[in-house]
Structures are given as C-alpha cells and as structure tokens.
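# Examination of the molecular architecture
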Amino acid sequence: MVFSICGIVTYKQQGLDMVEAKADQKIVELNDKIKDEKKRAEDIEEKKAYVQTKKFIEEMAREKFGLVYKDEIIFKSEE
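These numbers were taken from a predicted model, which means no experiment stands behind them.

### A look at the packing of aromatic side chains
- Applying the stated criterion to the full structure yields one aromatic pair.
- A ring pair is formed by Tyr50 and Phe56, whose centres lie 5.4 Å apart and whose planes are at 70°; its orientation type is edge-to-face.
- Its relative accessible area of 30% is what places Tyr50 among the partly exposed residues.

Put into structure tokens, the structure is as follows:
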C-alpha cells in the first residue's frame, strides 16, 4: 500500500514538474515580449517627437508636394 502511494505521488510530482517547466518557459517568453514592447513604445515616442519638428515638416513638404524655398535652385535631368 505504501509503495502504491509513493508511486502515485512520484508520478504526480513528475507531472507537476513538467507543468512548472512549461510555466517557467512561458514566463521567459512573456518577459522577452515585454522588453520588445517597451522598446517599441520608446521608438514610437521618439517618432512622435520627431514628427512634431520643423525638419520633419520640411522633409514631408519636399517629398510629398515637391515644395522648395524661394532662393533654391533646382536641377533636373533630361531623362
């Protein structure tokens, strides 16, 4: 009877160890995701700050609308 109980306890303990190992792995994966999302949030904040600068507005005006300053000389190729 004692051996049967010991066998059952050992079997259940192994199952719990496997569940614990999977949970530990999941914790590591989630911590990595948290780090990645924090980095992404920092990048978004930097982009948000950059978008509000005059330099960004000038770049977009040049790129999207082809605007230039009055005193600029533009050279275009014949091709």
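### Quick look at the pattern of salt bridges
- Summed over all chains, the structure comprises three salt bridges.
- Between Arg40 and Glu37 there is a salt bridge; the shortest N-O distance is 3.3 Å. Of this pair, Arg40 and Glu37 both sit in helix 1 (residues 2–51), three residues apart, roughly one helical turn.
- Across the pair Glu72 and Arg62 runs a salt bridge whose closest N-O atoms are separated by 2.9 Å. Of the two residues, Glu72 sits in the segment after helix 2 (54–65) while Arg62 sits in helix 2, which places them 10 residues apart along the sequence.
- On the basis of relative accessibility, which here comes to 37%, the residue Arg62 falls in the partly exposed class.

### Overview of helix 2
- Between its first and last C-alpha, helix 2 extends 16 Å over 12 residues, near the 16 Å set by a 1.5 Å rise per residue.
- Residue Gly66 follows helix 2 closely and has a positive phi angle near 70°.

About the cut-offs
Residues numbered from 1 in each chain as written. Predicted model: local features only at pLDDT ≥ 70, side-chain atom pairs only at ≥ 80, totals over all residues. Heavy atoms only, no water. Phe/Tyr/Trp six-rings, centres within 6.5 Å; stacked < 30°, edge-to-face > 60°. Buried < 20%, exposed > 50% of the residue type's maximum accessible area, 1.4 Å probe, protein only. Salt bridge = Lys/Arg side-chain N within 4 Å of Asp/Glu carboxyl O. Helix = DSSP H or I, 4+ residues; strand = E, 2+ residues; numbered from the N terminus. Expected span 1.5 Å × (residues − 1).

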